[in-house]
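Structural description and commentary
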Amino acid sequence: MFNEYDVIVVGAGHAGSEAAAAAANLGSNVLLITMNMANIAQMSCNPAMGGIAKGQIVREIDALGGYSGIVTDRTMIQFRMLNKSKGPAMWSPRAQSDRTLFSIEWRNMLEKTPNLDFWQDMVVGLIVKDNRVLGVHTSMGQEIKAKSVILTNGTFLNGVIHIGTKKFGGGRIGEKASLGLTESLVELGFEALRMKTGTPVRVDGRSLDFSKMTEQKGDDDPKHFSFIDAPRLTNQRSCYITYTNKKVHDTLRLGFDESPMFSGRIEGIGPRYCPSIEDKIDRFADKTGHQLFVEPEGWGTVEYYLNGFSSSLPDHIQFKALRLIPGFENAKIFRPGYAIEYDYFPPVQLKYTLETKLIANLFFAGQINGTTGYEEAAAQGIMAGINAHQITHEIPEFILGRSDAYIGVLIDDLITKGIDEPYRMFTSRAEYRILLRQDNADTRLTPLSNKIGLASDERLANVIAKNNLVAQIKHFIETESVSPIDVNQMLIELGSMPLSQKTKISNLLSRPGISMNDLMKTIIPLNNYISSLGKGLEEIIEEAEILVKYENYIQKEMEIANKMSKLDHIILHHDFDYKNLKSLSFEAREKLTKIKPSTIGQASRISGVSPADISILIVYLGR
């Protein structure tokens, strides 16, 4: 039935879908194996993409030529740019999506992708010879050969669902767990551990009183994720905000004795930054209320997602407490919240390419690596898909550094620092975040991706045209001057010091509280010049403004990044014997032996490896 494939992708969640698309679009023959063809790229938890740092990741995936941004744009029901009151390094796009349409659109795009086949089945083991993967075994008895394999099993590996004292197998409610594969990997020498996540009740919107909640509308001028193919959102659905209270907390506490989390029935580690409602009540006992977001699931459904009310408490306790929330007095639920435990493999067992160190041509991506979130999974998926193609065709690996992308930060954190709880990306994790803005993801990444054949020539042409326009606008405002008489009235109204002599437009733009919009309204030559460049240039103007306003910060960060990148070019061989280098601290020898960093730069980011240890390594290497 099957010829040998270049790449087999196991699992069709966000990681698997991006991996399959990337490898196939690069020219590999790909087989995507999933247990349920109806749930491709299912939004298992909240129906949203993006958010703090996550929005930057989605734009980076799009800039590389991935599908997540395009699918989100085509299925969004609300868009908001978060953190607009802060600097541009913190701006993060977020969209509510139609859950059903999102999965349908993903499947449509994958089915239109050349070189990509599908097979509905469960993978139960790997074909391995001489520490190299050669294919997979499935539950239906198929033996399918491949030159490389990517595992993106999500929460399905030995998944167990908990609702109070109830416990049953499953990767999502209503879907069976994936059995056998963990045991196969452990036999090969991999370390496996358990992790936990959860999801809240789904509520019937017809039973809610939205007048008791605070409406949260989308942006007046909604943007998009994709740098191409971006339909404009002209109609949006609102979200709503409400709060728990003391009565809700007291009612939830009635179920603590039956809680699988507090009783010890759940052994896996849960997410720090998205805890269950019972965990929040227990950890923050002094708080009398917690914010909840009531999010619509789509255009044509009454189903709502109660963000912030994730729970594994008994269903009757969840329901009783729910009806004490303002606006939920008559609430009806479609299904209760639940927790799920699943197997993951500590990511220090991986290389930068996401290939495993133990078995050649075998890649892990997504929640199998201990991450949480669609965006983090999709980012790993596209990188694993690219590198599975590269290794299969004996092409150099494709790696992004910490100063290249949030995706580079994500992967470096995973394989260098490891994890002891579900990993979630934040802007604070990126030390070069002024360089890694959401607005310039295409400038940073599309040329790199086009060079390997993934991002299209059309995308590259768009980047070149964009950069030219940005440069033209920047040049104009850096060379053209204005007189005090032209701008002083505006400056006084904005609370800024008036001019006493002519000055460059860029000097005005560099002032706090002065925007390009303010200047264009006041300085007629500037407005006329930008109008002459064409229409629909809002994002171009915004980027030119950022480059001028934050030029000194950007330059300083680039200098630091270039300095640190030199350490990432000093190679450490995989078989380096750290144990015999007695001048290193004991902890450094232990950590370096376990992680086996590929460069001095990576070694310097390992917890427990001091600057003194790095100096010793550099001296030893003759640098």
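Our structure's up above, just so we're on the same page.
To keep things clear, this report deals only with the structure shown in the data block. (Residues numbered from 1 in each chain as written. Predicted model: local features only at pLDDT ≥ 70, side-chain atom pairs only at ≥ 80, totals over all residues. Heavy atoms only, no water.)

1. Quick word on the layout of surface pockets
Test applied: Two kinds of site are reported from a 1 Å grid over the protein atoms alone, namely cavities, where a 1.4 Å probe fits but cannot get out, and pockets, open sets with protein on both sides within 12 Å along at least five of seven lines, and residues are called lining when an atom falls within 4 Å of a point. Grid points are joined across faces, edges and corners, and a volume is the space filled by probe spheres set on the points. Working definition: helices are DSSP H or I runs of at least four residues, strands are E runs of at least two. Numbering for both runs from the N terminus. Put simply, Ala, Val, Leu, Ile, Met, Phe, Trp, Tyr, Cys and Pro go in the nonpolar bin, Asp, Glu, Lys and Arg in the charged bin, and everything else, Gly too, in the polar bin. Where each domain begins and ends is defined by an automated method or by a domain database.
Taken as a whole, the second largest pocket holds about 1100 Å³ of empty space. Lining the second largest pocket are 44 residues, and of these Y352, E397, I399, D568 and T599 lie nearest its centre. Looking at the lining of the second largest pocket, the elements that each hand over two or more residues are helix 10 (374-392), helix 11 (406-417), helix 12 (441-452), helix 19 (551-565) and helix 21 (600-604). Across the lining of the second largest pocket, the residue classes break down as 19 nonpolar, 13 polar and 12 charged. Both domains that meet at the lining of the second largest pocket, namely domain 1 (5-198 + 342-452) and domain 4 (566-622), each give it at least three residues.

2. Some words on the sheet that holds strand 4 (residues 76-82)
The following threshold applies: If DSSP finds at least two bridges between two strands, the strands pair. For helices, the fitted axis covers only the stretch in contact; all axes are lines through C-alpha atoms, and the angles between them, taken along N-to-C directions, range from 0 to 180 degrees. The contact criterion used is simple: two residues touch if any of their non-hydrogen atoms lie within 4.5 Å.
Spatially, 3 strands are ordered 3-5-4 in an open sheet, and the strand pairing comes out antiparallel. Of all strands in the sheet, those bounded by a partner on one side alone are strand 3 (48-50) and strand 4. The sheet shows a mean angle of 15° between the axes of neighbouring strands, direction not considered. As paired strands, strand 4 and strand 5 (residues 92-97) are joined by 6 bridges and run antiparallel to one another. In the sheet register, M81 faces strand 5, and the bridge partner there is P93. Running at roughly 115° to strand 4, helix 3 (residues 68-75) makes contact with strand 3, strand 4 and strand 5 of the sheet.

3. Structural notes on the nonpolar core
To keep things clear, this is the line we draw: Joining through side-chain atoms within 4.5 Å is the link that ties buried Ala, Val, Leu, Ile, Met, Phe, Trp, Tyr and Cys residues into a set, and such a set is a nonpolar core. Between buried and exposed lies partly exposed: a residue is buried under 20% and exposed over 50% of the maximum accessible area for its type, with that area taken using a 1.4 Å probe on protein chains only.
The biggest cluster of nonpolar side chains holds 106 residues, and the ones touching the most others in it are I8, V149, L151, L362 and I407. Ranked by residues supplied to this core, first place goes to helix 10 with 9 residues. Apart from residues lying up to four places away in sequence, L362 is in contact with L126, V133, V149, L151, L185, F190, L354, E355 and T356. Within the second largest apolar cluster, 25 residues are counted, among which are V487, I505, I530 and I541.

4. What about the pairing of strand 14 (residues 239-243)?
Burial runs high along strand 14: 4 of the 5 residues are buried. When strand 13 (residues 214-216) meets strand 14, the two strands line up antiparallel, connected through 3 bridges. Note on strand 14: the bridge partner recorded for Q216 is C239. Note that strand 14 and strand 15 (residues 291-296) share 4 bridges and pair antiparallel. By the bridge assignment for strand 15, I241 is matched with F293.

5. Here we look at the pattern of salt bridges
Keep this limit in mind: For this analysis, a salt bridge means a side-chain nitrogen from Lys or Arg found within 4 Å of a carboxyl oxygen belonging to Asp or Glu.
Enumeration according to the criterion identifies 35 salt bridges in this entry. Taking the shortest distance from any N to any O, the salt bridge between E105 and R74 comes out at 2.7 Å. Separated by 31 residues along the polypeptide, E105 in helix 4 (residues 99-111) and R74 in helix 3 bring together distant segments of the chain. On the basis of relative accessibility, which here comes to 40%, the residue R74 falls in the partly exposed class. Residue R253 is joined to D250 by a salt bridge in which the shortest nitrogen-to-oxygen separation is 3.0 Å. Residue R253 and its partner D250 are located together in helix 6 (residues 246-253), separated by 3 residues, close to a single helical turn. With relative accessibility at 33%, the residue R253 sits in the partly exposed group.

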